[in-house]
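The lines below spell out each chain.
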Amino acid sequence: MVRSCYIHIPFCSHICSYCDFSKMYYHPDWCNRYLTALEKEIEQNYQKEVLETIYIGGGTPSSLSVEELNRLFQILEKLKRSRNCEFTVECNVENITKEKLELFLKKGVNRISIGVQSANPKILDFLERPYRKEEIKRIISLVKEVGFSNINVDLMYAIPGQTLNDLENDLDFFLNLNVPHISTYSLMIENHTKLGNQKVEAIKEELDYEMYQKIHKKLEEFSYEHYEISNFGKIGYFSKHNLTYWKNLKYYGFGLGASGFLSNIRYTNTKQFQNYEQGNFRNFEEKISKKVDMENEIMLGLRTMEGISKIEFIHKFGQKLEDVFPMIQKLVKEKKLLETKENYRIPFSYWYLSNEIIIYFIGEVE
Ligand SMILES: C[S@@+](CC[C@H](N)C(=O)[O-])C[C@H]1O[C@@H](n2cnc3c(N)ncnc32)[C@H](O)[C@@H]1O
Ligand code: SF4
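Overview of the structure. (Residues numbered from 1 in each chain as written. Chains lettered and ligands numbered in written order. Predicted model: local features only at pLDDT ≥ 70, side-chain atom pairs only at ≥ 80, totals over all residues. Heavy atoms only, no water.)

Okay, the site of ligand 2 next. C12, H14, I15, C16, Y18, C19, G59, T60, N92 and R129 make up every residue found near ligand 2. Among the residues forming the shell around ligand 2, the class breakdown is five nonpolar, four polar and one charged. (Near = heavy atom within 4 Å. Nonpolar A, V, L, I, M, F, W, Y, C, P; charged D, E, K, R; others polar.)

Before going further, it helps to examine the site of ligand 1. The local shell around ligand 1 holds 17 residues, among which G59, Q117, R129, D154 and M188 are the closest. For ligand 1, a nitrogen atom lies 3.1 Å from a polar atom in the backbone of Y18. Note that an oxygen atom of ligand 1 is positioned 2.7 Å from one of the side-chain N or O atoms of Q117. Here ligand 1, which alone exposes 550 Å², has 93% of that area covered by the protein. Secondary structure elements with two or more residues in the shell around ligand 1: strand 6 (111-117), strand 7 (151-157) and strand 8 (181-186). (Polar contact = N/O pair within 3.5 Å; in protein donor to acceptor, adjacent residues only side chain to side chain. Areas by Shrake-Rupley, 256 points an atom, 1.4 Å probe, with all protein chains shown as cover. Helix = DSSP H or I, 4+ residues; strand = E, 2+ residues; numbered from the N terminus.)

Time to look at the packing of helix 1 (residues 28-45) against helix 2 (residues 66-76). The axes of two packed helices give the description: the angle between them and the distance between them. Viewed as axis vectors pointing N to C, helix 1 and helix 2 meet at an angle of 5°, and their least axial separation amounts to 10 Å. Of the possible angle classes, the one that applies to helix 1 and helix 2 is roughly parallel. Across the interface between the two elements, P28, C31, N32, L35, T36, L38, E39 and I42 from helix 1 touch E68, R71, L72, I75 and L76 from helix 2. Grouping the constituent residues of the contact of helix 1 with helix 2 by class yields eight nonpolar, two polar and three charged. (Axes fitted to C-alpha atoms, helices over the stretch in contact; angles between N-to-C directions. Parallel < 35°, antiparallel > 145°, perpendicular 65-115°, else oblique. Contact = heavy atoms within 4.5 Å.)

Glancing now at the environment of Y344. Along the polypeptide, Y344 turns up in strand 17 (residues 343-345). On the accessibility criterion, Y344 (0% relative accessible area) is buried. Within polar-contact distance, the side chain of Y344 engages the side chain of Q329 at 3.5 Å. (Buried < 20%, exposed > 50% of the residue type's maximum accessible area, 1.4 Å probe, protein only.)

Mapping R266 onto the fold places it in strand 13 (residues 265-269). Within the buried core, R266 has no salt-bridge partner, and the shortest N-O distance to an opposite charge, that of D293, equals 5.5 Å. One polar contact links R266 to N248, side chain to side chain, over a distance of 2.9 Å. If we ignore the near neighbours within four places in the chain, the residues touching R266 are N248, Y251, G260, F261, F284, E285, E286, I288, N296 and L300. (Lys, Arg positive; Asp, Glu negative; His and termini not counted. Salt bridge = Lys/Arg side-chain N within 4 Å of Asp/Glu carboxyl O.)

So, about unusual backbone geometry. Residue G59 is reached from G58 by a cis peptide bond, and omega for that bond is 20°. By secondary structure assignment, the location of G59 is in the loop between strand 4 (50-58) and helix 2. Positioned with a positive phi, K48 is a non-glycine residue whose angle comes to about 70°. By the element assignment, K48 lies in the loop between helix 1 and strand 4. Look at K48 and you get exposed, because its relative accessible area is 53%. For A158, which is not glycine, the phi dihedral falls at a positive 65°. On the secondary structure map, A158 appears in the loop between strand 7 and helix 6 (164-176).

Next up on the list: helix 2. Listing the buried residues of helix 2 in full gives V66, E68, L69, L72, F73, I75 and L76. Those residues of helix 2 that are buried lie in contact with strand 1 (4-9), helix 1, strand 4, strand 5 (80-91) and helix 3 (98-106).

A separate point is the state of the cysteines. What makes a disulfide is a covalent bond joining the sulfur atoms belonging to two cysteines. Applying the stated criterion across every chain yields a total of zero disulfides. C31 carries a free sulfur, and the closest cysteine sulfur to it, the one in C12, is 12 Å from it. (Disulfide = S-S within 2.5 Å.)

Ranked by internal contacts, the top residues of the largest apolar core, which has 95 residues, are F104, I114 and F361. Leaving out residues up to four positions away in the same chain, I114 has contacts with C91, V93, I139, I140, V143, I151, N152, V153 and D154. In terms of nonpolar packing, the next biggest core, distinct from the first, is built from nine residues, Y18, C19, M156 and L187 among them. (Core = buried A, V, L, I, M, F, W, Y, C linked by side-chain atoms within 4.5 Å.)

Each aromatic ring pair is described using two quantities: the centre-to-centre distance and the angle formed by the ring planes. As enumerated under the stated definition, the model contains 22 aromatic pairs in all. Ring geometry for Y34 against Y276: centres 5.3 Å apart, planes inclined by 25°, an arrangement best described as stacked. Residue Y34 is located in helix 1, and its partner Y276 is located in helix 10 (residues 273-277); the two are separated by 242 residues in the primary sequence. For the pair Y34 and Y276, a shared accessibility class is recorded, and that class is buried. An aromatic cluster is present here, built from F11, Y26, W30, Y34, F273, Y276 and F281 joined pairwise through their rings. Over the ring of W30 we find R33; its NZ or CZ atom is 5.6 Å from the centre of that ring. Lying across the ring of F261, K250 places its NZ or CZ 4.3 Å from the centre. (Phe/Tyr/Trp six-rings, centres within 6.5 Å; stacked < 30°, edge-to-face > 60°. Lys NZ or Arg CZ within 6 Å of the ring centre and 35° of its normal.)

Attention now moves to the sheet that holds strand 15 (residues 308-309). Across the sheet, three strands lie side by side as 15-17-16; this open sheet has antiparallel pairing. Looking along the sheet, the strands with just one partner apiece sit at the ends: strand 15 and strand 16 (338-339). Where strand 16 meets strand 17, two bridges bridge the pair, whose relative direction is antiparallel. Counted as the bridge partner of E339 is Y344 from strand 17. (Pairing = 2+ DSSP bridges.)

What follows is the structure, given as structure tokens:
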């Protein structure tokens, strides 16, 4: 049963030096045409399930005008929502306004995620983010004043030239914002971005590791649970939407470049505006075999503090985890996995190396 839906808004008022997401410069005419196509995609595919989470991400959803956002919400009225549906909108500091926030609240949005990234002017310039720390503080106060308490901020680190001291200052700034959720991102230098084209080098792995440790230590000190490899939240504020992904559950992905997982198909939509507009939404579909589904269950579940539930695995696949993945006992003996009565999880000391542990599981199933 599908319980979650991601909606992609690809427009941005500026393009950042590092970004490889599906995005383009905002233009009212393109936006109008995009919303028409998005409506068609939803009408053709949505099967009227009641949704527990909706996430409008980007790109930059807050780059749309109030009129365009009104039209977007009118389209999304087709989506049935449970009474406690977690409804998130991603916003950027440079184009969120009181009027837009009030509209979100009126339309049932109850979670705001803000791409802050850093408060350091040197880093903001490097990332080509057009604001300063005074505007960040003003926007966070505004979000709270309008009535939102469930707020996430994104923090980036591992930026070339960034020192541990710079990170410490950013962490202090983020903690002072006093929001209940922080998502962290180690900068990836992607091909086809400005940084990639300039052949900018990533920071050394040892420094990246030290930064990861520092973030973990500091945020836990301030009562944020490190509940997923890159995510920290106060109790009661973990992202329900992202937990859908990590629990390997089904979800719709609507919009340019969006991904989804329905029945036994994982799909990615086209990133070409023209194709999307013509109704050729899907670019890639993969039928997920039981073997791959079980591997995904492990790969995704082991990213979280809870890990993989033994009983849920049996309910889902009709087999015991230990029978499918016999190497699990070896990993427990080596203390790379922790076993409790209910689940298996990676101990924090190995989180940074979780990919090396996860790799043991791939290709092991007959
Ligand atoms: C694609 S953005 C969309 C949100 C919003 N438009 C923004 O600019 O914050 C979602 C998050 O992905 C992260 N991100 C994007 N590109 C990244 C990269 N190359 N390396 C690491 N994190 C990245 C950023 O932290 C960003 O907040
Ligand atoms: S990081 Fe956000 S604002 Fe910057 S280009 Fe990517 S989607 Fe747009």
